[in-house]
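Remarks on the overall topology
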Amino acid sequence: PNNSSAIQMESALAVLSVPYDIYTTIPAELDLYTSVFVCLGIFSTNHVLASTEGQQLADYVNNGGYLYMEGGDTWYYDAQTAVHALFNIDAQADGTSDLSTILGQSGSITNGMSFNYSGENSWIDHIEPISPAVSIFQNQSPLYGCGVAYDAGTYRTIGASFEFGGLDDGTTPSTKTELMNQYLTF
């Protein structure tokens, strides 16, 4: 129901000259896409992934797809689907409303990035990587994981418990366009 991330992703993709399609439901022909970005929202304007949707996304990933998925409740609070396990995310807690500054992690695709977060901020799941996945973002205070990247060799996933659209642009390299470029390169 919330489309704040889609609008910001659209803007970043346009700057990067990357073609895209936007859907409000999962299209049947996912294999036509190199990468898929799923924005589930933050409670109370979120979408809970249905098991059939999770299976569609899992089939896409298992066929070599690249999947980004964000949602404040999808990792810990919501029922897990077939696709969740493919992110190698260990959901730690349901969280609260305390996202503030989100820090990129050294040695990851977000190295050197730091974003103030002004997006929706309710019940933000705390997430950590299951090795060999890596943490790519952590909330500064209180400290907890909120972004994980996983290169499985045959597919790649990025999971976030915050909204891309809630990130405030800072100075290079901390802009949504540069972050989108890193996501796409990964």
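Nothing here was measured: the structure is a model prediction, and the numbers come from that model.

Brief notes about the overall build of the chain
- Across its full length, the chain carries 3 helices and 10 strands.
- Overall, the chain shows an N-to-C arrangement of helices and strands of α-β-α-β-β-β-β-β-β-β-β-β-α.
- Overall, the C-alpha framework of the chain stretches about 40 × 35 × 35 Å when taken along its three principal axes.
- Going through the 186 residues of the chain one by one, you find that 47% of them count as buried.
- Long-range contacts, defined as pairs at least 24 residues apart, comprise 70% of the intrachain contacts of the chain with a sequence gap of at least 6.
- Accessible surface, the chain: about 8,500 Å² in total, of which carbon and sulfur atoms supply 50%.

A short note on the sheet that holds strand β10 (residues 167-168)
- Strand order in the open sheet formed by 8 strands is β1-β2-β9-β8-β7-β4-β5-β10, and the pairing between neighbours is mixed. The strands lining the two open edges of the sheet, one partner per strand, are β1 (35-39) and β10.
- Where helix α2 (residues 51-62) meets the sheet, its contacts fall on β1, β2 (66-70) and β9 (156-160), and the angle it forms with β2 comes to roughly 145 degrees.

A closer look at the packing of aromatic side chains
- One pass over the structure, following the stated rule, counts 9 aromatic pairs.
- Between the aromatic rings of Y23 and Y33, the centroid separation amounts to 6.3 Å while the plane-to-plane angle is 80 degrees, which identifies the pairing as edge-to-face. One end of the pair, Y23, is in the loop between α1 (4-15) and β1; the other, Y33, is in the loop between α1 and β1, and 10 residues separate them in sequence.
- On the accessibility criterion, Y23 (45% relative accessible area) is partly exposed.
- Given the relative accessible area of 22%, Y33 is considered partly exposed.
- Ring geometry for F164 and Y183: centres 6.4 Å apart, planes at 45 degrees, overall tilted. Of this pair, F164 sits in the loop between β9 and β10 while Y183 sits in helix α3 (residues 176-185), and the two are 19 residues apart along the sequence. Each member of the pair, F164 together with Y183, is buried.
- Through a chain of ring-to-ring contacts, the aromatic side chains of F37, Y68, F164 and Y183 assemble into a single cluster.
- The ring of F186 has R156 lying over it, and the distance from NZ or CZ to the ring centre is 5.4 Å.

As for the pairing of strand β8 (residues 144-151)
- The element β8 is largely enclosed, with a buried count of 7 among its 8 residues.
- Both strand β7 (residues 134-139) and β8 contribute to a ladder of 5 bridges, which runs antiparallel. Following the sheet pairing, F137 is matched in β8 by G147.
- The turn joining β7 and β8, which pair antiparallel and follow one another in sequence, is formed by 4 residues.
- One ladder, built from 5 bridges, connects β8 with β9; its direction is antiparallel.

Here is what the cut-offs are and how they apply
Residues numbered from 1 in each chain as written. Predicted model: local features only at pLDDT ≥ 70, side-chain atom pairs only at ≥ 80, totals over all residues. Heavy atoms only, no water. Helix = DSSP H or I, 4+ residues; strand = E, 2+ residues; numbered from the N terminus. Buried < 20%, exposed > 50% of the residue type's maximum accessible area, 1.4 Å probe, protein only. Contact = heavy atoms within 4.5 Å. Areas by Shrake-Rupley, 256 points an atom, 1.4 Å probe, with all protein chains shown as cover. Pairing = 2+ DSSP bridges. Axes fitted to C-alpha atoms, helices over the stretch in contact; angles between N-to-C directions. Phe/Tyr/Trp six-rings, centres within 6.5 Å; stacked < 30°, edge-to-face > 60°. Lys NZ or Arg CZ within 6 Å of the ring centre and 35° of its normal.

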